[in-house]
Protein chains: 2
Amino acid sequence: VTDRCIGIVGLGLIGGSLALALRRARPRWTLLGVDTDKETRAQALAAGAVHEATALAEASLSRCDAVVLAVPAPALVELIPVLAACMREGAVLTDVGGAKAEPCRAGASQSRVVFVGGHPMAGTEFRGFGAADAALFDGATVALCPPPAGAASAGAGTASNSGRSPALALVGEIWRAVGASKLLEVAPEAHDRAVTYASHVPYLAAAAVVECLRSAGDAEELARELAAGGFRDTTRLAGDGTVGGAASLNTFVPAAARALADTLRSLAAQLEEDPAAARKRLADLAEERRAMKLPVRRPGH
Amino acid sequence: VTDRCIGIVGLGLIGGSLALALRRARPRWTLLGVDTDKETRAQALAAGAVHEATALAEASLSRCDAVVLAVPAPALVELIPVLAACMREGAVLTDVGGAKAEPCRAGASQSRVVFVGGHPMAGTEFRGFGAADAALFDGATVALCPPPAGAASAGAGTASNSGRSPALALVGEIWRAVGASKLLEVAPEAHDRAVTYASHVPYLAAAAVVECLRSAGDAEELARELAAGGFRDTTRLAGDGTVGGAASLNTFVPAAARALADTLRSLAAQLEEDPAAARKRLADLAEERRAMKLPVRRPGH
């Protein structure tokens, strides 16, 4: 393992967890942390998560072999050209955003660094470095969007395409090091369509359930008293303050949210008109859900 | 503590957990288990959850001070008059169903026993006695619907209303014994309106998210690969095979499901027309969700 210098821009839940995990997995690598918040920088330094923690203007990103951009969307997209300009030619820039088409477009619109889109399928409903956890990515799937072969940025600063494979390998090495068990190479649009169903539709459903509770009028107070584990789990994702940003960048989301609305209207009509058929439909969905292979909840999460 | 004889009709997740917990908390009480499934009866006997386990036709429910009806809706409603006819006059019949208006109407339409509606706010996505857990009701809230004062069944077989308080007290004692930390006395309609938001709307949202994934076409396979903790938690409730029955009895559910659909349509439109406002709305909902006091997940659940 070559010693590397890695920049992590944004030391919140995801960036902070990545820093903690990478420090443990690759103790000889140098980690440069960047965050706008002074207290976050102090926390990350105190926890030994990074070797340096600065604001962006003071960061020496030109030292980095790779920079991981871990700020919420839509700021994430705007920072891509800014970071690329600060980095060494041919170095690797990657991100952790939940939507991939827009960041990858921004990455491809420059040729100084090689941009590899990334999206670790992991998170919690908590925010900030205080919630960071070196085990967050244990067993996670990470989607990676390398630049298309022949793209402007694919061979940035060197012969065409020559930077593509090493860049993908370095980003893959980072995620493997912190515990990811599966790396999926996908095109940005295919990613965004799939994540719509895997993540953004569940997220909007959770948020909408919370909003409905808030507008339950007379029933709200008792509903809050009766809310138990079912409500807690169904709405957990709604508490994630960063998914909304990714959802707003994902052009497939509005149509999928309307399809979800249509499904709910169809269930409502069936419950009124043919309750036995509605129960059968719900029982089939229950069986479908129980048969799904999903990551097991880790203790304490 | 007087020694009691309690019947439990339906030895699935809820009835089985109640039996296990009550055996532990009240070792001198006699528990008579009833289930249509022979294997379930054998399991419950082998686990020491009940003293006897029979089919309904062989059950000596006339020995019981109270019978807890723990079968899924809508069979639950149909069994109320059947069980009442087998029970001792003035004994207590209660249930665990997620909708209360219909069972309480059925309970009030006879005067042989005192019917107290019950709904423990606890469950898992697993089913059957094999999933039963003596700790399931630890810390749970239980909604109780006593018969209205002066109702036909309130003083069944004795002076008017005289059976109401002792019946409520006995049902409350059962739930306290198995770990419930809060008993909420509510009217059936108020319960059903509130549970619509606390449980049935989250449930339908979860089921609809699963159905949407199934109809994601080309994106379905990758979506399944990318589905992680967010999808798992949002849809957990969809795997509960019994909530659908209760939802189909709850007359407030269809309108609430349509309101949820409208909320999703409004989010979809805002994501397209004013993404910054949509992000603000979602961030407010995230804050709202994080501030909610909800039961803490117990280890292993």
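Numbers given to residues run from 1 along each chain, matching the order in which its sequence is written. Labels are handed out in written order, letters beginning with A for the chains and numbers beginning with 1 for the ligands. Only residues with pLDDT of 70 or above have their local features reported here, since the model is predicted, and side-chain atom pairs are shown and tallied only from 80 upward, although totals for entire chains, interfaces and linings are computed over all residues. Heavy atoms throughout the structure, all of them, feed into the side-chain values; hydrogens and water do not.

This part is about the overall build of chain A. Secondary structure is summarised from DSSP: a helix means a run of H or I of at least four residues, a strand means a run of E of at least two, and numbering begins at the N terminus for each. Helix and strand counts for chain A stand at 11 helices and eight strands. Taken over the C-alpha trace, chain A has a radius of gyration of 21 Å; the compact-globule value for 301 residues is 19 Å, and the two agree within 12%. In terms of principal-axis extent, the alpha carbons of chain A reach across some 65 × 45 × 30 Å. Each residue gets one of three labels from its accessible area relative to the maximum for its type: buried under 20%, exposed over 50%, partly exposed in between, using a 1.4 Å probe on protein chains only. Scored against the burial criterion, the 301 residues of chain A give a buried share of 59%. Only heavy atoms enter the contact rule, under which two residues are in contact if any of them lie within 4.5 Å. Sequence-distant contacts in chain A: of pairs separated by 6 or more residues, those separated by 24 or more amount to 69%. For the radius of gyration, the atoms used are the C-alpha atoms, and the globule rule reads 2.2 Å times the number of residues raised to 0.38.

This part covers the pattern of salt bridges. A side-chain nitrogen of Lys or Arg and a carboxyl oxygen of Asp or Glu constitute a salt bridge if their distance falls within 4 Å. For the structure on display, the rule yields 32 salt bridges over all chains. For Asp262 of chain A, the salt bridge is made with Arg265 of chain B, and the minimal N-O distance between the two is 2.7 Å. Of this pair, Asp262 of chain A sits in helix H10 (residues 253-273) while Arg265 of chain B sits in helix H10 (residues 253-273), each in a different chain. We note a salt bridge from Asp65 of chain B to Arg88 of chain B, for which the minimum N-O separation is 3.3 Å. Placement of Asp65 of chain B in the loop between strand E3 (52-54) and strand E4 (66-69) and of Arg88 of chain B in the loop between helix H3 (75-86) and strand E5 (92-95) is noted, with a sequence separation of 23 residues between them. Given a relative accessible area of 17%, Asp65 of chain B falls into the buried group. Sharing partners across several salt bridges, the network here consists of Arg214, Glu220 and Arg224 of chain A together with Glu288 of chain B.

This part covers the pairing of strand E2 (residues 30-34) of chain B. Residues and elements named next belong to chain B. Among the five residues that make up E2, four are buried, leaving the element largely enclosed by the rest of the structure. The crossover handedness rule: strands pointing away from the viewer, path from first strand over the helix to second strand clockwise, crossover right-handed. For the crossover that starts at strand E1 (residues 5-9), traverses helix H1 (residues 13-25) and ends in the parallel E2, the hand is right-handed. What makes two strands pair is DSSP finding at least two bridges between them. Relative to E3, E2 runs parallel, the two sharing three bridges. Paired with Val34 across the two strands is Thr54, which belongs to E3.

Right, let's talk about the side chain of Thr263 of chain B for a bit. Looking at the element boundaries, Thr263 of chain B is found in helix H10. Classification of Thr263 of chain B as buried rests on a relative accessible area of 11%. Beyond its immediate chain neighbours, meaning those up to four positions away, Thr263 of chain B contacts Ala208, Glu211 and Cys212 of chain A together with Arg281 of chain B.

All names here are of chain A. Overall, mixed pairing links the eight strands, which are arranged E3-E2-E1-E4-E5-E6-E7-E8 in an open sheet. The sheet is open, and its two edges are formed by strand E3 (52-54) and strand E8 (182-185), each paired on a single side. Recorded for the sheet is a direction-independent mean angle of 20 degrees between the axes of neighbouring strands. Where strand E6 (residues 114-120) and strand E7 (residues 141-145) come together, four bridges link them in antiparallel fashion. Counted as the bridge partner of Pro120 is Val142 from E7. A fitted line through C-alpha atoms represents every axis, and for helices the fit uses only the stretch in contact; the resulting angles, taken between N-to-C directions, go from 0 to 180 degrees. Each of strand E1 (5-9), strand E2 (30-34), strand E4 (66-69) and E6 touches helix H1 (residues 13-25); the most contacted strand, E1, lies at about 160 degrees to it.

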